[in-house]
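Structure at a glance
Listed here are the chains, written in short residue letters.
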Amino acid sequence: MMGLRLHLCFLALFSTLSISAHGLGPLCLPEEHVALFIFGDSLFDAGNNNYINTITDYQANYEPYGENFFKYSTGRFSDGRIIPDFIAEFANLPFITPYLHPGYHRYTDGVNFASAGAGALAETHQGMVIDLKSQLNNFKNLESLLSKELGDAEAKKLLFRAVYIISVGSNDYAVPFTRNSSIFQSYTPEEYVDMVISNLTFVIEEIYKKGGRKFGFPNLSPLGCLPLARALIPGNTGACKQELTALAILHNKALSEVLQKLENKLNGLKYSITDTYTILSERINSPLKYGFKEGNIACCGIGPYKGINSCGGKRSVKEYELCENASEYVFFDTGHPSEKANQQFAEQMWSGTLNVTGPYNLKELFEDKWV
């Protein structure tokens with residue numbers, strides 16, 4: 001009987017969750033198995049937007065996206081792998097499958113719920129993306145499936161041991177500037193940031209209720225210095241859009257404060273914040289130091305800084321230019337890092353020291369090493 005149980009534990013890692021339906025009973029997982037659940041926006045979306053009714057602004061399932069690693073476009077907003085791909089690799093997991101992918105799923109390794117263009121606020125690109133609370137609903141649906149297929153005890157163990165990474169906020173803050181919104185006539189910047197943080201807090205608390213205890217976050221980059229934001233400034237002055245960067249700074253301060261409060265409030269919650277703001281700023285300002293040749297201009301796009309969102313020629317602007325070697329660029333397109341930059345960000349999330357990642361890094365969360 002014990003031999004059968006061990007065999008089923010082995011099968012759980014290398015099969016879909018349909019085994020229990022064949023009469024073998026609930027599956028079990030090795031004690032050390034840690035899944036990865038991914039939420040957020042285009043920095044983390046591995047292709048969910050391929051399967052929703054949206055516009056090409058929020059999709060990357062066409063060339064030249066993906067060309068330098070996958071050799072075809074997967075829906076990732078980069079020339080190759082994105083941050084969660086590297087995190088999965090470091091954790092000895094396969095690439096985590098998009099939740100909406102119609103094919104094979106290995107749910108026991110985790111699921112990617114992220115959606116390009118998504119925000120913490122439902123109003124951000126509403127109707128075109130899967131907002132953060134809708135991603136949470138998809139996670140709850142998955143939790144029910146896990147309980148059904150693994151059994152309640154094993155499902156709870158999987159969710160308890162898992163690591164949850166969330167990248168959200170950039171779109172919430174960019175929309176008022178890219179859509180000529182009047183939102184800041186109704187709210188102060190501080191009030192708007194509080195709305196974003198409140199929705200994110202709700203999602204964290206709901207995941208906690210389902211068993212989640214370990215969370216990882218990249219904080220927001222200097223959003224006003226992305227090629228997309230620089231292109232919004234008349235006269236091609238080279239300046240960053242300071243109002244947008246100011247929102248990122250407010251968000252990062254609020255995120256740090258709310259996570260400290262949640263750690264005190266929610267027993268057993270552990271978290272990691274990586275200082276993406278500083279990491280990206282350093283690469284924009286000193287690209288050569290980090291192995292890049294260009295830190296301001298995107299590899300793919302058109303216009304000032306290649307900041308017009310035309311990469312691939314499938315969006316409203318059809319003309320675009322593509323660099324010869326994306327690994328020489330910090331940015332692949334108007335707002336997304338190249339694969340090489342993604343790897344550097346992921347390395348800092350995984351094993352960064354306290355000056356960039358804390359109070360834990362993701363490696364410590366995966367290994368349950370509380371320092």
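Residues numbered from 1 in each chain as written. Predicted model: local features only at pLDDT ≥ 70, side-chain atom pairs only at ≥ 80, totals over all residues. Heavy atoms only, no water.

1. Observations regarding the state of the cysteines
One pass over the structure, following the stated rule, counts three disulfides. With a sulfur-sulfur separation of 2.0 Å, C225 is cross-linked through a disulfide to C240. Between C225 and C240, the disulfide has an S-S torsion of 110° and is therefore right-handed. Here C225 is found in the loop between β4 (214-218) and α8 (227-230), whereas its partner C240 is found in the loop between α8 and α9 (242-265), with 15 residues between them in sequence. For C240, a relative accessible area of 17% gives the class buried. The disulfide bridge from C300 ends at C311, spanning 2.0 Å between sulfur atoms. For the disulfide bridge between C300 and C311, the dihedral angle about the S-S bond is near 100°, and by the sign convention the bridge is right-handed. (Disulfide = S-S within 2.5 Å. Helix = DSSP H or I, 4+ residues; strand = E, 2+ residues; numbered from the N terminus. Buried < 20%, exposed > 50% of the residue type's maximum accessible area, 1.4 Å probe, protein only.)

2. Some points on the sheet that holds strand β1 (residues 36-40)
Read across the open sheet, the six strands follow the order β2-β1-β3-β4-β5-β8; overall the sheet is mixed. Unpaired on one side and paired on the other, β2 (110-112) and β8 (357-359) mark the two borders of the sheet. Going from strand to strand, the sheet's axes swing by 20° on average, the running direction of each strand aside. Its contacts with the sheet put helix α7 (residues 189-209) on β1, β3 (163-167) and β4, and the angle it makes with β4 is roughly 155°. (Pairing = 2+ DSSP bridges. Axes fitted to C-alpha atoms, helices over the stretch in contact; angles between N-to-C directions. Contact = heavy atoms within 4.5 Å.)

3. What about the pattern of salt bridges?
Considering all chains together, one arrives at 15 salt bridges under this definition. For E206, the salt bridge is made with K209, and the minimal N-O distance between the two is 2.9 Å. Within this pair, E206 and its partner K209 are both found in helix α7, separated by three residues, close to a single helical turn. On the basis of relative accessible area, E206 is assigned to the buried category, the value being 11%. (Salt bridge = Lys/Arg side-chain N within 4 Å of Asp/Glu carboxyl O.)

4. Topic: the packing of aromatic side chains
The full count for this structure, using the stated rule, is 21 aromatic pairs. An angle of 85° between the planes, with centres 4.9 Å apart, marks the rings of F69 and F70 as edge-to-face. Here the aromatic cluster, defined as three or more aromatic residues joined through ring pairs, consists of F37, F39, Y99, F113, F139, Y164, F215 and F217. In this structure, R76 packs its charged tip against the face of F95, placed 5.6 Å from the ring centre. (Phe/Tyr/Trp six-rings, centres within 6.5 Å; stacked < 30°, edge-to-face > 60°. Lys NZ or Arg CZ within 6 Å of the ring centre and 35° of its normal.)

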